[in-house]
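Architecture at a glance
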Amino acid sequence: MSDSIFSKIIRGEIPCHRVYQDESVLAFLDINPLSRGHVLVVPKEPAATMADLSDPAAAGLGKALPRICRAVVKATGAASYNLLQNNGADAGQEVMHVHVHVIPRYPEDDTGLRVSWKPRAFDHDAGAELARKIARLL
Ligand code: 5GP
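Just so it is clear, the structure is predicted and the values come from calculations on it, not from any experiment.

The next subject is the overall build of the protein. Within the protein one finds three helices and five strands. Walking the protein from its N terminus toward its C terminus, one meets helices and strands in the order α-β-β-β-α-β-β-α. Taken along its principal axes, the extent of the C-alpha atoms in the protein is 50 × 40 × 25 Å. Considering the protein as a whole, with its 138 residues, one finds that 36% of them fall into the buried category.

So, in structure tokens, the structure goes:
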């Protein structure tokens, strides 16, 4: 469990530009936006990462996200947007309270956000073993 800056925002101890709230989710504008309309969607449950989130909180998050995306797209006019969700320091997570970034994208607006990765060769034997291992844990 974390008591991050987002918990303080959820409790109303720190102000935010709120766009949505229900029993399980709060959404507000990011204070350092990558683009106009950059929204953070934050479960009220103080879980640090997605893997720590309870099923009911995850359901609330999943229900709210498409609605919030639709509103952001309509309000900003952005035809495209990224959902970004960092878990853990190695993944770039700075606030240890699970959150989803909704980042509207505009033509000619260089956010610096790039989806570029270096795929590596797939080992079918190791992949099959790993898939079984993950499946056993679900
Ligand atoms: P992360 O790197 O953890 O995925 O992203 C954390 C995000 O939270 C950053 O984009 C940062 O700008 C935003 N943020 C950090 N502190 C505050 C705050 O006090 N208010 C708001 N609205 N956003 C914050």
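Following the structure, the description resumes.
Further remarks concern the packing of aromatic side chains. Under the criterion given, the structure shown has one aromatic pair. Look at F6 and F28: their rings are 5.6 Å apart centre to centre, the planes differ by 75°, and that puts the pair in the edge-to-face class. Of this pair, F6 sits in helix α1 (residues 5–10) while F28 sits in strand β2 (residues 25–29), placing them 22 residues apart in sequence. Given the relative accessible area of 6%, F6 is considered buried.

Looking now at the site of the ligand. Near the ligand lie 16 residues; those nearest to it are L29, D30, E94, H99 and H101. In this structure, G92 approaches the ligand through a main-chain N or O atom, which is 3.0 Å from an oxygen atom. Separating an oxygen atom of the ligand from a backbone N or O atom of E94 is a distance of 2.7 Å. Coverage of the ligand by the protein amounts to 84% of the 530 Å² it exposes when considered alone. Elements with a minimum of two residues in the shell around the ligand: α1 and β2. If you tally residues by element for the shell around the ligand, the top one is α1, at three residues.

Attention shifts here to helix α2 (residues 55–76). Over its 22 residues, α2 extends 31 Å from the first C-alpha to the last, a length consistent with the 32 Å expected when each residue adds 1.5 Å. Taking the largest bend as the criterion, α2 deviates by roughly 25°, centred on L65, and proline P66 comes between one and four positions later. Listed as buried for α2 are A57, G60, L61, A64, L65, I68, C69, V72 and T76. Those residues of α2 hidden inside the fold are in contact with β1 (18–21), β2, β3 (39–43), β4 (80–84) and β5 (100–105). Directly after α2, the chain includes G77, whose backbone phi takes a positive value near 80°.

A few words now on the sheet that holds β4. The strand order β1-β2-β3-β5-β4 describes an open sheet built from five strands, whose pairing is antiparallel. Of all the strands in the sheet, just β1 and β4 have a single pairing partner and so form its edges. Direction aside, neighbouring strands of the sheet carry axes that sit 15° apart on average. Bridge analysis of β3 against β5 gives three bridges, and the strand direction is antiparallel. Within β5, the position partnered with V41 by the bridge is V100. Contacts between α2 and the sheet are confined to β1, β2, β3, β4 and β5, with β5 contributing the most and set at about 20° to the helix.

What counts and what doesn't
Residues numbered from 1 in each chain as written. Predicted model: local features only at pLDDT ≥ 70, side-chain atom pairs only at ≥ 80, totals over all residues. Heavy atoms only, no water. Helix = DSSP H or I, 4+ residues; strand = E, 2+ residues; numbered from the N terminus. Buried < 20%, exposed > 50% of the residue type's maximum accessible area, 1.4 Å probe, protein only. Phe/Tyr/Trp six-rings, centres within 6.5 Å; stacked < 30°, edge-to-face > 60°. Near = heavy atom within 4 Å. Polar contact = N/O pair within 3.5 Å; in protein donor to acceptor, adjacent residues only side chain to side chain. Areas by Shrake-Rupley, 256 points an atom, 1.4 Å probe, with all protein chains shown as cover. Expected span 1.5 Å × (residues − 1). Bend = angle between axes of the 7 residues up to and from the residue. Contact = heavy atoms within 4.5 Å. Pairing = 2+ DSSP bridges. Axes fitted to C-alpha atoms, helices over the stretch in contact; angles between N-to-C directions.

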